[in-house]
Amino acid sequence: MHPSNRRRRRKNASAMRMVGALVALFRELAGLTQRELAQRAGLHEETIASIEQGRRALKPDLAEQLDAILGTRKVLETAVENLPEVDLIPAWAEQYLDLEREAMALSFYENQVLPGLLQTESYARSVFRSRVPAFSEEELNTQINTRLLRQKILHRKDPPTVSFVISQAVLMDRLGGDEVYVGAIQHLRRCADLPGIALQIMPIGRESHAALDGPFVLLETPEHQHLGYAETQRGSQIISDPDEVSILAQRYAMLRTQALNPEDSKGLLDRLLGEQ
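Since we're looking at a predicted model, the values are computed, not measured.

K.L.:
Explain the overall build of the protein to me, please; I cannot follow it from the model alone.
P.N.:
Helices and strands together make up the secondary structure of the protein, namely 12 helices and 6 strands. On C-alpha atoms alone, the protein measures out to a radius of gyration of 21 Å, which is about the 19 Å that the 2.2 N^0.38 rule sets for 276 residues. Across its three principal directions, the C-alpha atoms of the protein cover 65 × 40 × 35 Å. Relative to its 276 residues, the protein shows a buried fraction of 43%. Within the protein, residue pairs in contact and separated by at least 24 positions form 71% of the contacts whose partners lie at least 6 positions apart.

Next up, the structure:
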């Protein structure tokens, strides 16, 4: 990571922790638990915990609502308004992971690699070893462990509803070699049978395609907020503008009509495994 990015990242994290500490202080002065404050605000308790711990940015509309509940006379609203502009936009992947962990529904379109929730350890290692510049061994292991921990949401007691649309081109690459490839496809086939998962393959050779701009994610929070997420070569972005999220939702709906249905997608995976 470039030194300036590290400094900005530390600055962002510090500002979020400061605002979170204010929320915790005012909540305690009001004699409320995290659960009680969450109930009054119509949120999940984990959302309040994430804000207080500095893992989630406090958005202006929620700051205004909490000021009203806690009687803090616009203190939180003013604090958020005076944060550096970058802090008002939840742009870092860590914030996406927090949203993903709590999401009720997730939709993924991927055309480069298998989605992180569907990767085996060896496939993830091959993905991260392909990075330029290279990760150190410590950084590599941290990235892999984080990715594998994410996958717990697929097996939790109340798993989210998850849809995947994956380009067939992804299945033609052999990151890490033949053994890694076979293991990845076998794992993908098993995941296709998990409850709540719909996996579809976008066949190659199409004459039209609804998402030529690249991969993206749609998610629905426990508060029924609809968000988008996209990664670029040099960063990531949470998309909260309703118009922009609507455009992504329209694209995803079209992608699902263009891709193979889940049953035919499983058949394609079976054929790929039979060719090995």
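K.L.:
Can you help me understand the nonpolar core in this one?
P.N.:
Leu106, Phe164, Ile166 and Leu199 are the most contacted members of the largest nonpolar core, which totals 35 residues. Looking at this core, the element that brings in the most residues is helix H10 (residues 178-191), giving 6 residues. Once residues lying within four places of it in the same chain are set aside, the contact partners of Leu199 are Leu118, Phe164, Ile166, Leu188, Ala192, Pro262, Ser265 and Leu269.

K.L.:
Can you walk me through empty space enclosed by the protein in this structure?
P.N.:
A water-sized probe rolled over the atoms picks out the places where empty space is left. Using the criterion set out here, one finds 2 cavities of 30 Å³ or more in the structure. If you go around the largest cavity, the residues you meet are Leu114, Tyr123, Val170, Leu171, Asp173, Arg174, Leu175, Tyr181, Ala184 and Ile185. Counting residues per element, the ones that place at least two in the lining of the largest cavity are helix H9 (168-172) and H10. Looking at the lining of the largest cavity element by element, the count peaks at 3 residues for H10. The residue makeup of the lining of the largest cavity, split by class, is 8 nonpolar, no polar and 2 charged. Volume-wise, the second largest cavity comes out at about 50 Å³. What lines the second largest cavity is a set of 10 residues, among which Met16, Val19, Arg56, Ala57 and Leu58 lie closest to the centre. Element by element, the count of residues in the lining of the second largest cavity is highest for helix H1 (residues 3-29), at 3 residues. Here the residues of the lining of the second largest cavity are counted per class, giving 7 nonpolar, 1 polar and 2 charged.

K.L.:
Can you help me understand the packing of helix H2 (residues 34-41) against helix H3 (residues 45-52) in this one?
P.N.:
What describes two packed helices is the angle between their axes and the distance between those same axes. Contact geometry of H2 with H3 gives a least axis separation of 8 Å together with a crossing angle of 115°. The angle between the axes of H2 and H3 places the two elements in the roughly perpendicular class. As H2 packs across H3, the resulting crossing turns out to be right-handed. Here Gln34, Arg35, Leu37 and Ala38 of H2 lie close against H3, whose contacting residues are Glu45, Ile48, Ala49 and Glu52.

K.L.:
How do you make sense of the confidence of the model for the protein when you look at a structure like this?
P.N.:
Confidence in the prediction for the protein averages 88 pLDDT; 90% of positions are at 70 or higher. Considering only residues more than four positions removed or in separate chains, one finds that residues 1-11, a stretch of pLDDT under 50, has 8 contacts. Note that residues 85-91 has pLDDT below 50 and, in this model, 15 contacts with residues that lie over four places away or in other chains.

K.L.:
What should I look at first to understand the packing of aromatic side chains in this one?
P.N.:
The final tally for this structure, using the stated rule, is 5 aromatic pairs. Aromatic pair Phe108 and Phe164: ring centres 5.0 Å apart, planes at 15°, arrangement stacked. Highlighted residues: Phe108 in strand S1 (residues 105-110) and Phe164 in strand S2 (residues 161-167), separated in sequence by 56 residues. Ring geometry for Phe128 and Phe135: centres 6.0 Å apart, planes at 65°, overall edge-to-face. A residue is classified by how much of its surface remains accessible, and Phe128, at 9% relative accessible area, is buried. By way of ring pairs, the aromatic residues Tyr109, Phe216 and Tyr252 are connected into one cluster. Above the plane of the ring of Phe135 lies Arg131, whose end atom (NZ or CZ) is 4.1 Å from the centre.

Reading the values: the criteria
- Numbering of residues begins from 1 in every chain and follows the order in which that chain's sequence is written.
- Predicted model: local features are reported for residues with pLDDT of at least 70 only, side-chain atom pairs are reported and counted for 80 or more only, and whole-chain, interface and lining totals are derived from all residues.
- Note that the side-chain values use all heavy atoms of the structure and ignore hydrogens as well as water.
- The way it works is that DSSP assigns letters per residue, a run of H or I at least four long becomes a helix, a run of E at least two long becomes a strand, and they are numbered from the N terminus.
- Computation of the radius of gyration draws on C-alpha atoms alone. For the globule rule, the value is 2.2 Å times the number of residues to the power 0.38.
- The buried label goes to any residue with under 20% of its type's maximum accessible area, the exposed label to any with over 50%, and the partly exposed label to all in between, with areas taken from a 1.4 Å probe on protein chains only.
- Contacts were defined at the residue level, with two residues in contact if any of their heavy atoms lie within 4.5 Å.
- By nonpolar core we mean a set of buried residues, namely Ala, Val, Leu, Ile, Met, Phe, Trp, Tyr and Cys, connected to one another through side-chain atoms within 4.5 Å.
- Residues are said to line a cavity or pocket when one of their atoms sits within 4 Å of a point; the points come from a 1 Å grid over protein atoms alone, cavities being sets where a 1.4 Å probe fits but cannot get out and pockets being open sets with protein on both sides within 12 Å along at least five of seven lines.
- Grid points are joined across faces, edges and corners, and a volume is the space filled by probe spheres set on the points.
- For this scheme, ten residues count as nonpolar: Ala, Val, Leu, Ile, Met, Phe, Trp, Tyr, Cys and Pro. Four count as charged, namely Asp, Glu, Lys and Arg, and the remainder, Gly too, count as polar.
- Working convention: axes come from line fits to C-alpha atoms, limited for helices to the stretch in contact. Angles between N-to-C directions cover 0 to 180 degrees.
- Here roughly perpendicular refers to angles of 65 to 115 degrees, roughly parallel to angles under 35, roughly antiparallel to angles over 145, and oblique to all remaining angles.
- By convention, the crossing between two helices is left-handed when the near helix turns anticlockwise from the far helix through less than a right angle, and right-handed when the turn is clockwise.
- Per-residue confidence from the predictor is reported as pLDDT, a score between 0 and 100.
- Aromatic pairs are defined between Phe, Tyr and Trp rings, using the six-membered ring for Trp, whenever the two ring centres lie within 6.5 Å; interplanar angles under 30 degrees are classed as stacked, those over 60 as edge-to-face, and all others as tilted.
- Think of it as a cone above the ring: NZ of Lys or CZ of Arg counts as a charge over the ring if it is within 6 Å of the ring centre and within 35 degrees of the ring normal.

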